[in-house]
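# Architecture and fold: a report
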Amino acid sequence: MTRISHMTLEICVESFEDAVIAAKNGADRIEYCSALGVGGLTPTPGAMAQIGTIPLPCFVMIRPRPGNFVYQDSEIDTMAREIALARDAGAKGVVFGACHDDGSLHEGHLRLLCDAAGGMAKTLHRAFDITPDAFLALETAVGLGFDRILTSGQQNTAEEGCAMIADLIARAGERIIILPGSGVTAANASILRAKTGASQLHASCKRTAQKGEEGRVATDGKAVRDLRRAMDH
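Summarised in this report is the structure supplied together with it. The structure displayed is predicted, hence computed values, not measured ones.

### Thoughts on the pairing of strand 6 (residues 148–151)
Alternating positions in strand 6 separate into two faces, Arg 148 and Leu 150 on one and Ile 149 and Thr 151 on the other, with burial throughout. Both strand 6 and strand 7 (residues 177–180) contribute to a ladder of four bridges, which runs parallel. Across the sheet, residue Ile 149 finds its bridge partner in strand 7, namely Ile 178. Once you follow strand 6 into helix 6 (residues 162–172) and on to strand 7, the crossover reads as right-handed.

Dropping the structure here:
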């Protein structure tokens, strides 16, 4: 397995302040969200307006509500408008997904959103992990023009899903990036690297919420730093 000289570290954050902390401690890219406690939602327009002052490329989560990824046409229209806001704010990419009731990818909705994103980088988020056929979903994502797939290998954590992630990376080849995420820490970064051959990792590096921060997911600068160090060795 070819050794990757520098693994890209993407940190998901729910505030401008957390994006700055991640940038200062070794992140290469930011996934910019709100409400990480419910899996991440689209940031507010005010939060998006700060993207230009973040010293790293930012990919914006496009998810209009908590819950499943089965959307009405009106919600897809909302998501297309949010993509436009992200582009105007200076985001380099967007992160989204859409499914049918059975968990399979909704090609029609995803094509509309990919068209709305145009030349921006496009990540298929962990809606991928509920698809009934991961390898069919991989081919669908490639065909739609996604640049990467965020996945835990259809398990609770990326470490548990190592075997699937390795298979996905092998099948993807150079066509699309497979981005392992969920439960990624300094303690398992070397395991993920060795077992999957991944060139990028995705993590939240969250710190324990303090009193008055219930529901808040804040970034721990030391955890980012430790993860960066583990990825580099």
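From this point, the discussion proceeds with the structure in view.
### Quick notes on the packing of helix 5 (residues 134–144) against helix 6
It is the contact of helix 5 with helix 6, at a shortest axis distance of 11 Å, that shows an interaxial angle of 40°. By the angle between their directions, the pair helix 5 and helix 6 is classed as oblique. Where helix 5 crosses over helix 6, the handedness of that crossing is right-handed. In this structure, helix 5 uses Ala 134, Phe 135 and Leu 138 to contact helix 6, whose residues at the interface are Met 164, Asp 167, Leu 168, Arg 171 and Ala 172.

### What to know about the nonpolar core
Counting 65 residues, the largest nonpolar core has Ile 11, Ile 30, Tyr 32, Phe 96 and Phe 146 as the members making the most contacts within it. Setting aside residues no more than four positions away along its own chain, Phe 96 makes contact with Ile 62, Met 79, Ile 83, Leu 110, Leu 113, Cys 114, Lys 122, Thr 123, Leu 124, His 125 and Phe 146. Counting residues in each nonpolar core, the second largest holds eight residues, with Cys 12, Cys 33, Phe 59 and Met 61 among its members.

### Things to note about unusual backbone geometry
A positive phi angle, close to 60°, is found at Gln 154, a residue other than glycine. Mapped onto the secondary structure, Gln 154 falls in the loop between strand 6 and helix 6. Under the relative-accessibility criterion, Gln 154 is labelled partly exposed at 23%. In the Ramachandran plot, Ser 182 falls in the positive-phi region, its phi being about 100° despite a non-glycine side chain. With respect to the helices, strands and loops of the structure, Ser 182 is situated in the loop between strand 7 and helix 7 (189–196). By relative accessible area, Ser 182 is classed as buried at 18%.

### As for the sheet that holds strand 7
Read across the sheet, eight strands follow the order 7-6-5-4-3-2-1-8 without closing on themselves; strand pairing throughout is parallel. Only two strands of the sheet have a single partner each, and these edge strands are strand 7 and strand 8 (200–203). Each strand axis lies, on average, 25° off the axis of its neighbour in the sheet, ignoring direction. Pairing analysis gives four bridges linking strand 4 (residues 93–96) to strand 5 (residues 121–124), with the strands arranged parallel. Counterpart to Phe 96 in the pairing with strand 5 is Leu 124.

### Describing the pairing of strand 8
Going residue by residue along strand 8, you find Gln 200 and His 202 tucked away on one face and Leu 201 and Ala 203 tucked away on the opposite face as well. Two elements, strand 1 (residues 8–13) and strand 8, share four bridges in a ladder whose sense is parallel. Each residue of the ladder has a partner; that of Leu 9, found in strand 8, is Leu 201.

### Points about the side chain of Thr 8
Within the fold, Thr 8 resides in strand 1. Setting aside residues no more than four positions away along its own chain, Thr 8 makes contact with Asp 28, Arg 29, Ser 199, Gln 200, Leu 201 and Met 231.

### Let's talk about the environment of Val 70
Looking at where Val 70 falls in the secondary structure, it is placed in the loop between strand 3 (58–61) and helix 3 (73–89). Here Val 70 falls in the partly exposed class, since its relative accessible area comes to 22%. For the pair Val 70 and Cys 99, spaced 29 residues apart in sequence, the C-alpha to C-alpha distance is 5.1 Å. Beyond its immediate sequence surroundings of up to four residues, Val 70 is in contact with Arg 65, Glu 75, Cys 99, His 100 and Asp 101.

The rules behind the values
Residues numbered from 1 in each chain as written. Predicted model: local features only at pLDDT ≥ 70, side-chain atom pairs only at ≥ 80, totals over all residues. Heavy atoms only, no water. Buried < 20%, exposed > 50% of the residue type's maximum accessible area, 1.4 Å probe, protein only. Helix = DSSP H or I, 4+ residues; strand = E, 2+ residues; numbered from the N terminus. Pairing = 2+ DSSP bridges. Right-handed = clockwise from strand over helix to strand, strands pointing away. Axes fitted to C-alpha atoms, helices over the stretch in contact; angles between N-to-C directions. Parallel < 35°, antiparallel > 145°, perpendicular 65-115°, else oblique. Left-handed = near helix turned anticlockwise from the far one by under 90°. Contact = heavy atoms within 4.5 Å. Core = buried A, V, L, I, M, F, W, Y, C linked by side-chain atoms within 4.5 Å.

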